[in-house]
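For reference, the chains in residue letters:
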Amino acid sequence: MGMTMTQKILAAHAGLDSVKAGDLINANLDLVLANDITGPVSIGEFERAGFESVFDKSKVALVMDHFAPNKDIKSAEQCKTCRTFAKRFDIDNFYDVGEMGIEHALLPEKGLVVPGDAVIGADSHTCTYGALGAFSTGVGSTDMTAGMATGKAWFKVPSAIKFNLRNELSPYVSGKDVILHIIGMIGVDGALYKSMEFTGSGVASLSMDDRLTIANMAIEAGGKNGIFPVDDVTKKYLKGRTDREYTVYEADADAEYDAIYDIDLSQIEPTVSFPHLPENTHRIGDIDEIQIDQVVIGSCTNGRISDMEAAAKILKGRHVAKGVRTIIIPATQAVYKECIKKGYIDDFIDAGCIVSTPTCGPCLGGYMGILAAGERCVSTTNRNFVGRMGHVDSEVYLASPEVAAASAITGMISDPRIVDSPESRKAQKVAEKQEKKAEKVAEKQAHKAEKLNEKAERLADKADKLTKVEEE
């Protein structure tokens with residue numbers, strides 16, 4: 001029996017000719033990652049264990065992104081712990097305020113992951129890098145400690161599910177809708193400890209940003225990892241980002257899969273995940289009127305330049321609904337600069353949004369957009385568990401940047417295909433003209449009323465004076 005793509009990578013890193021699902025292996029690592037939340041825990045264990053060096057300072061990455069810039073004293077101390085450790089061991093890939101970005105957007109952007117790599121990270125969304133044809137998965141902080149010290153990690157080789165993708169996505173539909181559709185179809189435990197392997201003719205039509213989004217949320221289906229084949233899109237993305245040589249692995253024709261799903265990309269519609277699980281998905285056309293209080297566009301799932309472009313396209317020349325707080329978070333400094341260069345920042349601010357420095361911020365209920373009891377948020381993040389973004393009585397609806405931007409404009413969960421249609425924009429302009437005309441009429445009436453009041457006051461004053469004269 002042949003091997004899946006993931007199994008081939010693990011076999012190579014374990015120095016074995018072949019592996020099968022269920023095997024326990026010890027694999028060499030190409031990169032280990034932690035952030036300002038998980039890093040201090042790993043560092044504490046590292047010091048308690050008495051380790052005196054890291055296995056390779058160029059293969060350790062520490063990214064200060066969750067509570068940075070620091071929101072309070074505790075988060076400042078956590079970042080200081082990582083900063084001190086990075087300085088002590090001269091860690092090459094330490095990213096602090098000014099250089100950092102949201103880790104799972106930053107590392108691919110910096111070219112730190114290439115096809116065929118084996119990567120672990122003390123963050124569950126480390127599975128993102130499977131978009132580049134690498135095996136990457138989240139681990140606990142103690143496994144991260146061992147990885148930093150030894151450059152190795154043990155794994156139980158996962159079985160796999162194959163997703164055959166065909167055709168292309170329709171306008172206003174993106175990778176976020178694809179992965180929400182899949183999670184809604186198989187459930188949050190549908191790929192429990194399995195490799196989610198995406199293949200088929202439809203893969204070529206997906207941008208790298210779409211693939212990164214899909215792989216990012218493999219963990220929301222319970223997956224050990226998500227992985228895409230390496231093709232021209234991958235190679236184009238890597239060009240200029242890295243000079244590392246890499247190995248391209250392909251699944252064997254007789255590889256074994258626990259299940260195979262055929263997905264027609266052209267039939268996927270804008271999809272929204274309702275509280276309080278990512279599997280609670282609904283097509284946009286089936287959603288009744290749901291009023292919202294906040295919109296968040298960003299995160300390691302949807303904070304890349306294509307996400308910013310999608311949101312800006314819908315928000316340009318419009319204004320968010322009154323009472324809807326709209327928070328835009330570019331995932332990296334490079335994305336932020338590109339937004340400035342392309343005028344997206346102006347579009348966002350003119351539309352009534354705020355733009356934040358790169359940070360995970362509200363995604364995990366940290367800061368920069370915490371919800372109060374009873375509030376609802378449409379967010380491009382990846383989880384909507386109870387209390388995820390604030391109060392346990394708040395609600396988070398997961399959606400694409402297109403749906404989020406459209407919803408910000410209307411103040412309710414909305415279909416971007418309708419909100420951004422020529423007819424809708426024309427109707428909005430007509431409404432704006434009517435509103436301005438009504439304001440002018442009201443202003444004239446108010447001015448006329450003011451003049452009448454002034455005249456009435458003068459007449460009353462004159463009458464008072466005549467009365468006094470008569471009395472005298």
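Refer to the preceding data block for the structure.
Residues numbered from 1 in each chain as written. Predicted model: local features only at pLDDT ≥ 70, side-chain atom pairs only at ≥ 80, totals over all residues. Heavy atoms only, no water.

Peer 1: What am I meant to see in the nonpolar core here?
Peer 2: By size, the foremost hydrophobic cluster in this structure holds 57 residues, and its most contacted members are Phe85, Leu107 and Phe155. Those residues in contact with Leu107 that sit more than four places away from it in its chain are Leu31, Leu33, Ala61, Val63, Leu112, Val113 and Tyr129. Of all hydrophobic cores here, the second largest spans 36 residues; its members include Val355, Val378, Ala405 and Ile413. (Core = buried A, V, L, I, M, F, W, Y, C linked by side-chain atoms within 4.5 Å. Buried < 20%, exposed > 50% of the residue type's maximum accessible area, 1.4 Å probe, protein only. Contact = heavy atoms within 4.5 Å.)

Peer 1: What should I look at first to understand the sheet that holds strand 2 (residues 31-35) in this one?
Peer 2: One key point about sheets: their strands pair by backbone hydrogen bonds, in either a parallel or an antiparallel sense. Spatially, 5 strands are ordered 4-3-2-5-6 in an open sheet, and the strand pairing comes out parallel. The open sheet has two edge strands, strand 4 (93-95) and strand 6 (135-138), and neither has a second partner. Each adjacent strand pair in this sheet contributes to an overall mean axis angle of 15 degrees, direction not counted. Taken together, the 3 bridges between strand 2 and strand 5 (residues 118-121) define a ladder with parallel strand orientation. The residue of strand 5 that forms the bridge with Leu31 is Val119. (Pairing = 2+ DSSP bridges. Helix = DSSP H or I, 4+ residues; strand = E, 2+ residues; numbered from the N terminus. Axes fitted to C-alpha atoms, helices over the stretch in contact; angles between N-to-C directions.)

Peer 1: Can you help me understand the state of the cysteines in this one?
Peer 2: Linking two cysteines covalently through their sulfur atoms gives a disulfide. A complete count under the given rule lists 0 disulfides for this structure. Cys300 supplies the cysteine sulfur nearest to Cys127, a cysteine that is in no disulfide, at a spacing of 8.5 Å. Relative accessible area serves as the criterion here: at 1%, Cys127 is assigned to the buried category. Free of any disulfide, Cys360 has its nearest neighbouring cysteine sulfur in Cys300, separated by 6.4 Å. Overall, Cys360 belongs to the buried group, its relative accessible area being 11%. (Disulfide = S-S within 2.5 Å.)

Peer 1: I tried to follow the sheet that holds strand 8 (residues 159-166) on my own but got confused; where do I start?
Peer 2: Strand order in the open sheet formed by 4 strands is 10-9-8-11, and the pairing between neighbours is parallel. One side of each edge strand has no neighbouring strand; the edge strands of this open sheet are strand 10 (225-227) and strand 11 (259-264). For this sheet the average axis-to-axis angle between neighbouring strands, irrespective of direction, equals 20 degrees. In this structure, strand 8 lies alongside strand 9 (residues 194-199), joined through 6 bridges in parallel fashion. Following the sheet pairing, Ala160 is matched in strand 9 by Ser195. In the packing of helix 1 (residues 5-13) onto the sheet, the strands contacted are strand 8, strand 9 and strand 10, and the crossing angle to strand 10 comes to about 105 degrees. Across the face of the sheet, helix 6 (residues 175-186) comes into contact with strand 8, strand 9 and strand 11 while running at roughly 135 degrees to strand 11.

Peer 1: Would you take a moment to explain the pattern of salt bridges for this structure?
Peer 2: A full pass over the atoms with the stated rule returns 22 salt bridges. Lys57 is the partner of Asp92 in a salt bridge, and the nearest nitrogen-oxygen pair spans 2.6 Å. A residue pair is termed long-range when its members are at least 10 positions apart, and Asp92 in the loop between helix 3 (73-88) and strand 4 and Lys57 in the loop between helix 2 (39-48) and strand 3 (60-63) qualify at 35 residues. According to the relative accessible area criterion, Asp92 is partly exposed, its value standing at 40%. On the basis of relative accessible area, Lys57 is assigned to the partly exposed category, the value being 34%. The partner of Glu220 in a salt bridge is Arg383, and the shortest N-O contact between them spans 2.5 Å. On the criterion of sequence distance, the pair formed by Glu220 in the loop between helix 7 (208-216) and strand 10 and Arg383 in the loop between strand 17 (376-379) and strand 18 (395-398) is long-range, its members being 163 residues apart. Across the pair, exposure class does not vary: Glu220 and Arg383 are buried alike. Salt bridges sharing partners connect three or more residues here, namely Glu269, Arg283, Asp286, Asp415 and Arg417. (Salt bridge = Lys/Arg side-chain N within 4 Å of Asp/Glu carboxyl O.)

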